[in-house]
Amino acid sequence: MALERETLDQLLETVRRFVGEQLIPNEDRICQEDAIPPEIVSQMRQLGLFGYSIPEEYGGIGLNMSEEVQLVFELSQASPACRSLVGTNNGIGSQGIILDGSKAQMEKYLPRLASGEIIGSFALTEPDFGSDAASIRTTAHREGEHYVINGTKRYITNAPEAGLFTLMARTGPKDSGADGISCFLVEAPTPGLKLGPPDKKMGMSGSHTCDVIFEDCRVPASQLLGGQEGQGFRTAMKVLDRGRLSIAAACVGVAERLIRDSLTFAAERKQFGRPIADFQLVQAMLADSRTEAYAARAMVTDAAARYDSGETVATLAACCKLFASEMVGRVADRAVQIHGGAGYVADYPVERFYRDVRLFRLYEGTSQIQQLIIARNMIRDHAG
Amino acid sequence: MKVLVPVKRVVDANVKVRVKADGSGVELANVKMAMNPFCEIAVEEAIRLKEKGIAEEIVAISVGSAQAGETIRTALAMGADRGILVKTDAPVIEPLAVAKILKGIVEAEQPGLVILGKQAIDDDASQTGQMLSALIGWPQATFASKIEIAEGKATITREIDGGLQTLRLSLPAIVTTDLRLNEPRYASLPNIMKAKKKPIDEKTPEEFGVDLTPRLEIVTTAEPPQRQAGMRVDTVAELVDKLKNEAGVL
């Protein structure tokens, strides 16, 4: 149900204030310590940021997609690691349960995810299978009232912190493709579940990924999502469809922050006796960034409204993710260019953002996968 | 114990205010508004008293237009229990008028404590709490940096020039908050949602028999003078010389 304008405004204003007063002043610290300070995490919990997309009856706030993207526009004005911490609980780490979980599974996990008591994580990608997700090799064999899981998952966001994995594993034969994949809710720690060392990434300091290794890891059969085998790949694709809008919104938020920083710098930095914002070649960069960010914002807002009205937005969500993630890459590049030498040293946030935003074009489906989704859907719809 | 917390809607502290072209005041059209920061501290303190089991109910009050209801809503989202909006479209409401209205509310509600911000950041009058205290004849402790309540008494620490002063007051009493009393919490997102279900009573100044006609006339409003650039001096002797002969402060 949509919120009243006044309530939504108050909600967004609170997030805006929190971002400005708590997150942005701590960005450098988050980067240096490669961790979000515990007091900030605790404030994020108290604010309810871990459950904005989780339904109200399970302790969340139950924002619809239009409201969620507006919140993400605000939250993403700070270092993307901050959004990433709450991103999985509101996105890929909880949506599988919301979309396809049984009532008992929802009651067991959603309130704990909404409060931030546990971190949810989504384990699909493997060392040999990323974009080709239908070919994953992690297996789950039924043994009485348990499934025994074996395999390795790679680049799993928030895995070092996770208390619950939404895991995709093959219950069907080796060549069963998408139909042989099932989804499990695996709690951590569980015997047989091991974590690799945290990945050393190009950016996104403060947000952690690592391998998740399953060695004869036994989970009760009741942990099969929705109690049905063979549905895992469909669940994963639905989860990613929705997540794409949220990622696109994050790209918009970051782009707007970068534009603001660039404008502030351009207005203050003087060359040839004038602020560099007076020079037309700098103005062109500012204008291009502003235009593209606005286009992405409009796309995301439109697609989210369509999602809320019940329309299928798989194609549009992929369009948004593709355009917004490529857009924020160009905006970050221009931000460094406008900052000149200052943009290449770590004294200014743009250096960090430039590295952080590179991820947006890669995760939850690369730009090339988005192109394939868009074109395949176009051709399928054309064929009728 | 019931705690009343009057809250004022003011121009957001982060907004750079601009004087109206005719000098009659500051520009308020399309300007972001928020709860006065000192009032926020008052709300926070009331909530902490409730969390300690000292306060049972917190009533947030505001006098102003329908939008002042949003400020009450913010207090409710932080943790106040209900609100009273004294609605008026009067463009200027002076502290004495607010104090008279609050007197009427205090008489009706019979609280054990009224906590107010020490001043509002728009007119910086710092009068409402003191006037309310005089009107109802309750003890007051202004500019509180620490509040302790026990056995019908309030022990209030005040930051004054040169140190701290501690006062003990019998309840019921009026307390106004200083900046360092506490750090107000953010209203949590779930509480913002719940706040819309909490009741806000609407009243009018007439119900309290209060005439809002301003007693003061604003003659002019002007921007502060532009700050002059500073200068660097090479030696202490030069600094002393300039302070003595140019600035005239020594």
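What counts and how
The written sequence of each chain sets the order in which its residues are numbered from 1. A letter from A marks each chain and a number from 1 marks each ligand, given out in the order of writing. Residue-level local features of this predicted model are given only where pLDDT is at least 70; pairs of side-chain atoms are given and counted only at 80 or more, and the full residue set underlies all totals for whole chains, interfaces and linings. Excluded from the side-chain calculation are hydrogens and water; included are all heavy atoms of the structure. To qualify as a helix, a DSSP run of H or I must reach at least 4 residues; to qualify as a strand, a run of E must reach at least 2; elements of each kind are numbered from the N terminus. Radius of gyration here is computed from C-alpha atoms only, and the compact-globule reference equals 2.2 Å multiplied by the residue count raised to the power 0.38. The buried label applies to any residue whose accessible area, calculated with a 1.4 Å probe on protein chains only, is under 20% of its type's maximum; exposed applies above 50%, and partly exposed to all values in between. In this analysis, two residues are considered to be in contact whenever any of their non-hydrogen atoms come within 4.5 Å of each other. By salt bridge we mean one thing: a side-chain nitrogen of Lys or Arg within 4 Å of a carboxyl oxygen of Asp or Glu. Buried area: the sum, over both parts, of the accessible surface (1.4 Å probe) that disappears when the two are put together. When residue character is reported, Ala, Val, Leu, Ile, Met, Phe, Trp, Tyr, Cys and Pro are called nonpolar, Asp, Glu, Lys and Arg charged, and the others, Gly included, polar. Residue ranges labeled as domains rest on an automatic or database domain assignment. In protein, a polar contact requires one atom able to donate a hydrogen and another able to accept it; more generally it is a pair of N or O atoms within 3.5 Å, and residues adjacent in sequence count only if both atoms are side-chain atoms. For the purposes of this analysis, a disulfide is any pair of cysteine sulfur atoms at a distance within 2.5 Å. For two strands to pair, DSSP has to find at least two bridges joining them. Orientation is described by lines fitted to C-alpha atoms, with helices fitted over the stretch in contact, and by angles between N-to-C directions that extend from 0 to 180 degrees. Here, nonpolar core means buried Ala, Val, Leu, Ile, Met, Phe, Trp, Tyr and Cys residues that are tied together by side-chain atoms lying within 4.5 Å of each other.

### Considerations on the overall build of chain A
When you go through chain A residue by residue, the secondary structure sums to 12 helices and 9 strands. Here the C-alpha radius of gyration of chain A, 21 Å, is about what a compact globule of 384 residues would show, namely 21 Å. Considering only C-alpha atoms, chain A reaches an extent of 80 × 55 × 45 Å along its principal axes. When the 384 residues of chain A are sorted by exposure, 54% land in the buried category. Counted over contacts in chain A with a minimum sequence separation of 6, partners at least 24 positions apart contribute 73%.

### With respect to the environment of A90 of chain B
With respect to the helices and strands, the residue A90 of chain B is situated in the loop between β5 (82-87) and α3 (95-109). On a C-alpha basis, the gap between A90 of chain B and G64 of chain B in space is 7.4 Å, while along the polypeptide they are 26 residues apart.

### Here's the deal with the pattern of salt bridges
All chains considered together, the criterion is met by 50 salt bridges over all chains. For E107 of chain A, the salt bridge identified is with K103 of chain A, shortest N-O distance 3.2 Å. Highlighted residues: E107 of chain A and K103 of chain A, both in helix α7 (residues 103-115), separated by 4 residues, approximately one helical turn. Among the residues examined, E107 of chain A registers a relative accessible area of 46% and is labelled partly exposed. Judged by its relative accessible area of 53%, K103 of chain A falls in the exposed class. Between K2 of chain B and E109 of chain B there is a salt bridge, with its nearest N and O atoms 2.6 Å apart. Of this pair, K2 of chain B sits in strand β1 (residues 2-6) while E109 of chain B sits in helix α3; the two residues are 107 residues apart in sequence, bridging distant segments of the chain. The burial state of K2 of chain B is the same as that of E109 of chain B; both residues are buried. Through salt bridges with shared partners, a single network forms among E13, R16 and E74 of chain A together with D12 and K32 of chain B.

### What to know about the interface of chain A and chain B
A common way to report how large an interface is uses the accessible area buried once the components associate. Between chain A and chain B, the residue contacts involve 21 residues of the former and 14 residues of the latter. Of the roughly 1,600 Å² buried at the junction of chain A and chain B (both faces included), carbon and sulfur atoms supply 60%. Here chain A and chain B share 2 salt bridges between them. Measuring nitrogen to oxygen at the nearest pair gives 2.9 Å for the salt bridge that ties K32 of chain B to E13 of chain A. Elements supplying a minimum of two residues to the side of chain A that touches chain B: α1 (5-23) and α3 (38-47) of chain A. Residue contributions to the side of chain A that touches chain B peak at 11 residues, all from α1 of chain A. Residues of the side of chain A that touches chain B, tallied by class, amount to 8 nonpolar, 7 polar and 6 charged.

### Concerning the domain arrangement of chain A
Residue and element names in this part refer to chain A. The assigned domain composition of chain A is domain 1 (5-115), domain 2 (120-230) and domain 3 (234-383). A separation of 20 Å is found between the C-alpha centroids of domain 1 and domain 3. Each partner contributes to the interface: domain 1 provides 24 residues, whereas domain 3 provides 30 residues. Summing both partners gives a buried area of about 2,400 Å² for domain 1 against domain 3, and 56% of it is carried by carbon and sulfur.

### As for the side chain of N182 of chain B
Residue and element names in this part refer to chain B. If you trace the backbone, N182 turns up in the loop between β10 (173-177) and α5 (189-195). A distance of 3.0 Å separates the side chain of N182 from the backbone oxygen of I41, its partner in a polar contact. Here E45 takes part through its side chain, which lies 2.8 Å from a polar atom of the side chain of N182. Filtering out sequence-adjacent residues up to four positions away, N182 remains in contact with I41, E44, E45 and R48.

### Things to note about the state of the cysteines
All names here are of chain A. One pass over the full model with this rule turns up 0 disulfides over all chains. As a non-bridged cysteine, C31 has C82 as the owner of its nearest cysteine sulfur, 11 Å distant. Between C210, a cysteine without a disulfide, and C217, which holds the nearest cysteine sulfur, the sulfur-to-sulfur distance is 14 Å. Since its relative accessible area comes to 1%, C210 is described here as buried.

### Side note on unusual backbone geometry
The omega angle of the peptide bond from A188 of chain A to P189 of chain A is 0°, so this bond is cis rather than trans. Tracing the chain through its elements places P189 of chain A in the loop between β5 (181-187) and β6 (193-195). With an omega dihedral of 0°, the bond running from L171 of chain B to P172 of chain B counts as a cis peptide bond. Mapped onto the elements of the fold, P172 of chain B is located in the loop between β9 (163-170) and β10. The phi torsion at N30 of chain B lies on the positive side, around 55°, for a residue other than glycine. The topology assignment puts N30 of chain B in the loop between β2 (9-11) and β3 (33-35). What makes N30 of chain B exposed here is its relative accessible area of 84%. For S126 of chain B, which is not a glycine, the phi torsion comes out positive at approximately 55°. Note on placement: S126 of chain B falls in the loop between β6 (113-117) and α4 (128-136).

### Some thoughts on the sheet that holds strand β8 (residues 153-160) of chain B
Residues and elements named next belong to chain B. In space, the 9 strands of this open sheet follow the order β9-β8-β7-β10-β6-β1-β4-β5-β11, with mixed pairing throughout. Of all strands in the sheet, those with a lone pairing partner are β9 and β11 (200-203), marking the two edges. Recorded for the sheet is a direction-independent mean angle of 30° between the axes of neighbouring strands. Strand contacts of helix α2 (residues 68-78): β4 (57-64), β5 and β11, with the helix running at about 165° to β5, the strand carrying the most contacts.

### Examining the nonpolar core
Within soluble globular proteins, side chains that are nonpolar tend to cluster in buried spots. All names here are of chain A. Formed by 101 residues in total, the largest nonpolar core has its most connected members in M44, L49, Y52, L71, L75 and F360. Looking at this core, the element that brings in the most residues is helix α8 (residues 232-268), giving 11 residues. The residues contacting Y52, other than those within four sequence positions of it, are I61, G62, L63, E68, L71, V72, L75, V86 and N90. The next biggest cluster of nonpolar side chains, apart from the first, holds 25 residues, and it includes L110, F233, A236 and L240.

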